[in-house]
Amino acid sequence: MGLIYDDPDLAALMLTRLAAEESEGPGTLEGRMRDYLGDLEQRNGGEYLELLVITLARDHFKSLDDLARATGADATALLDAAETDALEAL
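About the thresholds
Per chain, the residues get numbers from 1 upward, laid out in the order the sequence is written. With pLDDT at 70 or above as the cut-off, local features in this predicted model cover only qualifying residues; side-chain atom pairs require 80 or more to be listed or tallied, and sums for whole chains, interfaces and linings still use all residues. Just so you know, side-chain values use all the structure's heavy atoms and leave hydrogens and water out. Segments assigned H or I by DSSP are reported as helices when at least four residues long, segments assigned E as strands when at least two residues long, and all are numbered from the N terminus. What sets the accessible areas is the Shrake-Rupley method with a 1.4 Å probe; for residues, cover comes only from the shown protein chains. Expected helix span is taken as 1.5 Å per residue step, with the number of steps being one fewer than the number of residues. Per-residue accessibility, obtained with a 1.4 Å probe over protein chains only, is compared with the maximum for each type, and a residue is labelled buried under 20%, exposed over 50%, and partly exposed between these values. Geometry is summarised by axes, namely lines fitted to C-alpha atoms with helices restricted to the contacting stretch, and by angles between N-to-C directions that run from 0 to 180 degrees. An angle counts as roughly parallel when it lies under 35 degrees, as roughly antiparallel when it exceeds 145, as roughly perpendicular when it falls between 65 and 115, and as oblique in every other case. The sense of a crossing depends on the near helix, which, turned anticlockwise from the far helix by less than a right angle, makes the crossing left-handed and, turned clockwise, makes it right-handed. By definition, residues are in contact when any of their heavy atoms lie within 4.5 Å. The classification used treats Ala, Val, Leu, Ile, Met, Phe, Trp, Tyr, Cys and Pro as nonpolar, Asp, Glu, Lys and Arg as charged, and all other residues, Gly among them, as polar.

Undergrad: So, the overall build of the chain: which residues are in play, and what are the values?
TA: When helices and strands are tallied, the chain shows four helices and zero strands. Put simply, the chain runs from its N terminus to its C terminus through helices and strands in the order α-α-α-α. Taken over the C-alpha atoms alone, the chain extends approximately 45 × 30 × 20 Å along its principal axes. Just so you have it, the chain exposes about 6700 Å², and 57% of that area is on carbon and sulfur atoms.

Shown next, in the form of C-alpha cells:
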C-alpha cells in the first residue's frame, strides 16, 4: 500500500506547496521537488508521473477558470496571456 501522498491530487498539491516555498527565494527546493518526484516514480512507476502531470494541468486550468469567473475575464484569454508570458521568457 502506497503512502497517502501517492494519490495524484495530493501529490500535485505537495508539488504546488514546494513551488510556493520556492517562490519566496532561490534555494534547494528544486532539489526537493526532484527528490519527491523520484520517490513517487520509484514507488509507482513512470506511468504514475504521466498521471501526475495530467492532474497538475487540470488543476492549473481549474485555477485559471476560477480566476476568470471571479474577475469576469475569459479563461481562454488568461491561458493565452500565461502562454505569451512563458514564450517571452524564453
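Undergrad: If you had to explain helix α3 (residues 46-71) to someone new, which residues and values would you point to?
TA: Along its 26 residues, α3 runs 38 Å from first to last C-alpha, staying within 8% of the 38 Å computed at 1.5 Å per residue. Buried within α3 are the following residues: Y48, L52, T55, L64, D65 and A68. Looking one or two residues beyond α3, the residue adopting positive phi is G72, at roughly 80°.

Undergrad: Could you give an account of the packing of helix α1 (residues 8-22) against α3, naming the residues involved and the relevant values?
TA: Direction vectors running N to C along α1 and α3 enclose 70°, while the axes themselves pass 9 Å from each other. Between α1 and α3, the crossing angle belongs to the class labelled roughly perpendicular. Pair α1 / α3 crosses with right-handed handedness. In this structure, α1 uses P8, D9, A11, A12, L15 and T16 to contact α3, whose residues at the interface are Y48, L51, L52, T55, L56 and D59. Split by residue class, the contact of α1 with α3 holds eight nonpolar, two polar and two charged.

Function cannot be read off these values alone, since they describe shape.
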